[in-house]
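# Results of the structural survey
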Amino acid sequence: MSLFSLFHRKPSPSKIAEDLGPLFVQVAVHECGSFQQIWKRQLDDETQVMLFAEFAIILVAVADRLVFDKFGDPTRSKVINRVVETVRDCFVNQSHFGDTRQERIVYFERFFADRFQSFATCSSIMGEGQDSLISTGTRYLAETFLEDIPESQLPEAVLETDKTLSKSVVALLATPIFKALCENNRDSDYLK
C-alpha cells in the first residue's frame, strides 16, 4: 500500500454512520435559522424543534438513498439506523412532545415513519418532477410552517424554501462523507 492511498482511503460504513448523525444535527439546527430568516418569522421553541425534525428527516432520506445505492442492505440499515438514533436522541432531549423521554421517542418514531414512508416513494433526490425528494420535502415544510402566510406571499415563500432546501443538500454533497457516498454510485439518477 502506498503512502498516497492512505490519504485517499474511502470511509467505511461504520465511519459514515458515526459522522452522518452529528452532521445532520448540526446542519438541521443551522437551517432552522435559515428558514426562519427566509420566512421572515421567529418560530417558538416547540415549532423550531418540529422544523428541526422535518428537515433532519429529509436529510436522512437523502442519505438513505445514497447509502443503499453504495452498499445495499443490510449495511444500509445499519448505517441509517445509527443516523436516525442520533437525530432522535437530539429531538427527545426537548420536552415539547411528551412528558417522558419514552413518550418523546414514540412520538418521534411515529412521525419519522410517516414522513420517511412518503420519501421512499420519491423518484429521485433532486429533479424537475414534483415527485422528487426535495419537492416532497418542500411541500411538507410549506404545509407545516407556511399555512398562515398570506396567499399572495405563498409562491415566493415556497420557492425560497425549495431553494434553501436544495442548496443545503447540494452543500452536503460537497462534504467528504457525501462525496464518498456519491463516488462510484451505481445509480446516479437519484441526483437528477
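Residues numbered from 1 in each chain as written. Predicted model: local features only at pLDDT ≥ 70, side-chain atom pairs only at ≥ 80, totals over all residues. Heavy atoms only, no water.

What follows concerns the nonpolar core. Generally speaking, nonpolar side chains in soluble globular proteins are found buried as a group. Ranked by size, the top nonpolar core spans 61 residues in total, and within it L20, F24, V60 and F178 carry the most contacts. Breaking this core down by element, the ones donating at least two residues are α2 (13-39), α3 (45-71), α4 (75-92), α5 (101-120), α6 (133-145), α7 (154-173) and α8 (176-182). Per element, the largest residue contribution to this core is 16 residues, and it comes from α3. When residues no more than four places from it in sequence are discounted, the contact partners of L20 are A63, V83, I177, F178 and L181. (Core = buried A, V, L, I, M, F, W, Y, C linked by side-chain atoms within 4.5 Å. Buried < 20%, exposed > 50% of the residue type's maximum accessible area, 1.4 Å probe, protein only. Helix = DSSP H or I, 4+ residues; strand = E, 2+ residues; numbered from the N terminus. Contact = heavy atoms within 4.5 Å.)

Moving on: α6. The first and last C-alpha atoms of α6 sit 18 Å apart over 13 residues, in line with the 18 Å expected at 1.5 Å per residue. Of all 13 residues in α6, ten are buried, a share of seventy percent or more. Where α6 is concerned, the buried positions are L133, I134, S135, T136, G137, T138, Y140, L141, A142 and F145. Among the structural elements, α2, α3, α5 and α7 are those in contact with the buried residues of α6. (Expected span 1.5 Å × (residues − 1).)

Turning our eyes to something else, we now look at the packing of aromatic side chains. Within a pair of aromatic rings, the relevant descriptors are the distance that separates the centres and the angle that separates the planes. Following the criterion strictly, the structure yields twelve aromatic pairs and no others. Ring centres 6.2 Å apart and planes at 5 degrees place the aromatic pair F91 and Y107 in the stacked group. Note that F91 is positioned in helix α4 and Y107 in helix α5, a separation of 16 residues in sequence. Taking 4.9 Å as the distance between ring centres and 15 degrees as the angle between the ring planes, the aromatic pair formed by F112 and F116 counts as stacked. With a gap of four residues between them, F112 and F116 both fall in helix α5, about one helical turn apart. Note on accessibility: F112 and F116 belong to one class, buried. The structure contains a cluster of three or more aromatic residues connected by ring pairs, namely F91, F97, Y107, F108, F111, F112 and F116. The aromatic ring of Y140 is capped on one face by R115, whose charged end is 3.7 Å from the ring centroid. (Phe/Tyr/Trp six-rings, centres within 6.5 Å; stacked < 30°, edge-to-face > 60°. Lys NZ or Arg CZ within 6 Å of the ring centre and 35° of its normal.)

None of this, on its own, says anything about what the molecule does.
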